[in-house]
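Chain residues, written in single-letter form:
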Amino acid sequence: MSRCLVWLKRDLRLMDHAPLQAASLLGPSAALWILEPQWLESPEFHPRQLAFAQACVTELRAALAPRGLPLLVRVGPAVQVLQELHAAHGFDQLLSHEETGPGWTYARDLAVAAWCRQRSVRWREWPQHGVVRRLKSRSGWAGRWAQRMDAPVGPAPLAFAPWAGADAGELPTAIHRSGAADAANAPVAEVPLPGERAGLRVLDDFLGGRGRGYRRSLSSPLTAETGCSRISAHLAFGALSLRVVHQRTEAAIAAAQDGGDRALASGLRGFAGRLRWHCHFMQKLESEPAIEFRHFARACDGLRPGDDAPGSPAWGVTQESRLRAWQDGLTGYPMVDACMRSLNATGWLNFRMRAMLVSFAAYHLWLHWRPTGLHLARQFTDFEAGIHWSQMQMQSGTTGINTLRIYSPSKQALDQDPQGDFIRRWVPELAQVPLAWLHRPWTMDATLQRESLCVIDTHYPAPIVDEQAAARLAKDAMFGLRKQRAARAEADRIQDRHGSRKSGLPQVGQRRGGSKPRPDTQLDLFGMADVPPSQDEPR
Ligand SMILES: Cc1cc2nc3c(=O)[nH]c(=O)nc-3n(C[C@H](O)[C@H](O)[C@H](O)COP(=O)(O)OP(=O)(O)OC[C@H]3O[C@@H](n4cnc5c(N)ncnc54)[C@H](O)[C@@H]3O)c2cc1C
């Protein structure tokens, strides 16, 4: 009989959890969640992510206790924690899900694997979703994804044989990072709330009706707040299993079709496509971990160097102050600033506005995606390295294979917030500015500025760059690069390694017959298929 330790990482749930199921069958077991100093010190970390994780751990602990499984909590480097538990309790199997995370998790897993070999502990890992480890070729990937997602959902284990005498350990109430102290158990202000039960409630609410407006509410930050599913943080911390979400979604699509609710079926089909993107993007990091730090297209190396030479797109303002203005929501472009302030306050933003923020940083401000990506990663409660770094590079034009998309912040403001409600909510300096000037407040004359209590450069900044001139220079630089022979040759390699394939498989919501299957290449529309093609091009 084995003694097992289930190492919980980003899989903080009871349902559809292969390592927990295995432990319930194998022998005396305990579960373990480690608060690792490397996470706290990582540049992507934010205390709100920890608060979300700890709330999930608390719920899971309470769910496992009556089933007989203690959930131990420890603070320290993974190898050290495992070593201490091994010395005290002598387990011979370590059970976990595979993880596709930032570089520090990869390095830590290598160290854990080496430790397991030394101690003759068998480490068994299960795939957590559709990401394939040691993938040889992208051909057939979509079929494998579908196979995994359609496999039976694992039931919540009923009972365990526990280890005797293991100290459960407390969740820390404060954390210390490089001298700074933060509360570790701050109440989670985010909506929706953490945990598996809350995640399932949010999902069922969406599938049961809220998803009806999904396609038309995706793009505006006003409507997306309730129109999107809002399950991203639950997926990122594994409080929901992607398989469960996929299968419930397919069932809801079928029910909506059978019931003649075409609007709901259509909304949920759009949503089901995003679930494929989740793994499609994560696969890129799994297959090429270096994309967290360096360009997909090496031809882009040096494209956005340190401070700018005269004539580069964001001339005149240092890189550091451009980055700071962007992070703080003080660029002078109301929609950019409203989105950033909203994100900084809440930990969530819809896809299109995330893309707009990155496009503005990468093209208008000519900033490298790594520091801007780190700021966003810290703000996102749902930070998921594989999606995040792929998207950062795609929206910055450095993948070498995607259409360049430069969003005009003024046009996005008019399209997505025509009445200025979102801007007024998040940029109170502009509250009194009449609608006709709200999206371009710097065009008010001096009298109107005074009357509106918004004197430019006193109450609210002047635009940090000239939108049109900066976009033109950025476009010239990007297209100049793309024309180079070496860049074109490299694009073929990247497409081969990371691009999706036509599979001819039944697609989203079309298992039950009906309309024509969509080709798998839809996966590679890289997040822009949330709107019909005519509106697809940001300007
Ligand atoms: C620059 C940038 C960075 C991003 N970083 C992250 C991140 O760190 N973590 C993260 O979960 N998403 C990220 N996204 C993708 C997307 O914006 C979020 O998944 C989405 O806004 C989450 O809200 P939701 O759960 O309501 O999404 P819904 O629209 O309801 O979608 C459901 C799920 O599908 C997946 N999904 C949706 N859109 C995408 C997409 N474009 N690419 C991949 N998967 C998608 C997510 O898992 C999401 O939870 C990023 C997008 C951009 C442009």
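Residues numbered from 1 in each chain as written. Predicted model: local features only at pLDDT ≥ 70, side-chain atom pairs only at ≥ 80, totals over all residues. Heavy atoms only, no water.

The strand order β3-β2-β1-β4-β5 describes an open sheet built from five strands, whose pairing is parallel. One side of each edge strand has no neighbouring strand; the edge strands of this open sheet are β3 (71–75) and β5 (122–126). Strand-to-strand, the axes of this sheet are offset by a mean angle of 25°, without reference to chain direction. In this structure, strand β4 (residues 93–97) lies alongside β5, joined through five bridges in parallel fashion. Paired with L94 across the two strands is W123, which belongs to β5. (Pairing = 2+ DSSP bridges. Helix = DSSP H or I, 4+ residues; strand = E, 2+ residues; numbered from the N terminus. Axes fitted to C-alpha atoms, helices over the stretch in contact; angles between N-to-C directions.)

The next point concerns empty space enclosed by the protein. Using a probe with the size of a water molecule, rolled over the atoms, empty space left in the structure can be pinpointed. Taken as a whole and assessed by the stated rule, the structure comprises six cavities of 30 Å³ or more. The dominant element in the lining of the largest cavity, judged by the number of residues it contributes, is helix α12 (residues 262–287), at six residues. Considering only residue class, the lining of the largest cavity consists of 20 nonpolar, eight polar and six charged. (1 Å grid on protein atoms, 1.4 Å probe; cavity = no way out; pocket = protein on both sides within 12 Å on 5 of 7 lines; lining within 4 Å. Points joined across faces, edges and corners; volume = space filled by probe spheres on them. Nonpolar A, V, L, I, M, F, W, Y, C, P; charged D, E, K, R; others polar.)

What follows deals with the site of the ligand. The immediate surroundings of the ligand are formed by 27 residues, with Y214, S229, R230, D382 and E384 found nearest. Within the backbone of D382, one N or O atom sits 2.9 Å away from a nitrogen atom of the ligand. At a separation of 3.2 Å, a nitrogen atom of the ligand approaches a polar side-chain atom of H388. About the coverage of the ligand: the protein hides 99% of its 820 Å² of free accessible area. Judged by its atoms lying within 2 Å of the grid points, the ligand is housed in the largest cavity. Elements with a minimum of two residues in the shell around the ligand: α10 (232–236), α12, α15 (351–364) and α17 (385–396). Tallying contributions element by element places α12 first for the shell around the ligand, with five residues. By residue class, the composition of the shell around the ligand is 16 nonpolar, six polar and five charged. (Near = heavy atom within 4 Å. Polar contact = N/O pair within 3.5 Å; in protein donor to acceptor, adjacent residues only side chain to side chain. Areas by Shrake-Rupley, 256 points an atom, 1.4 Å probe, with all protein chains shown as cover. Sits in = over half its atoms within 2 Å of the grid points.)

According to the stated counting rule, one finds 18 salt bridges in the structure shown. The closest approach of N and O atoms between K9 and E99, which form a salt bridge, is 3.2 Å. Taken as a pair, K9 in the loop between β1 (4–8) and α1 (18–26) and E99 in the loop between β4 and α5 (103–118) lie far apart in primary sequence, 90 residues in all. A residue is classified by how much of its surface remains accessible, and K9, at 9% relative accessible area, is buried. A relative accessible area of 13% places E99 in the buried class. The residue E286 makes a salt bridge to R133 at a minimum N-O spacing of 3.3 Å. Placement of the pair is E286 in helix α12 and R133 in the loop between β5 and α6 (141–150), with a sequence separation of 153 residues. Residue E286 is classed as buried on the basis of its relative accessible area of 18%. Take R133: its relative accessible area is 23%, and that puts it in the partly exposed class. What you see here is one network of salt bridges that share partners, running through K9, E36, E99, R108 and D109. (Salt bridge = Lys/Arg side-chain N within 4 Å of Asp/Glu carboxyl O. Buried < 20%, exposed > 50% of the residue type's maximum accessible area, 1.4 Å probe, protein only.)

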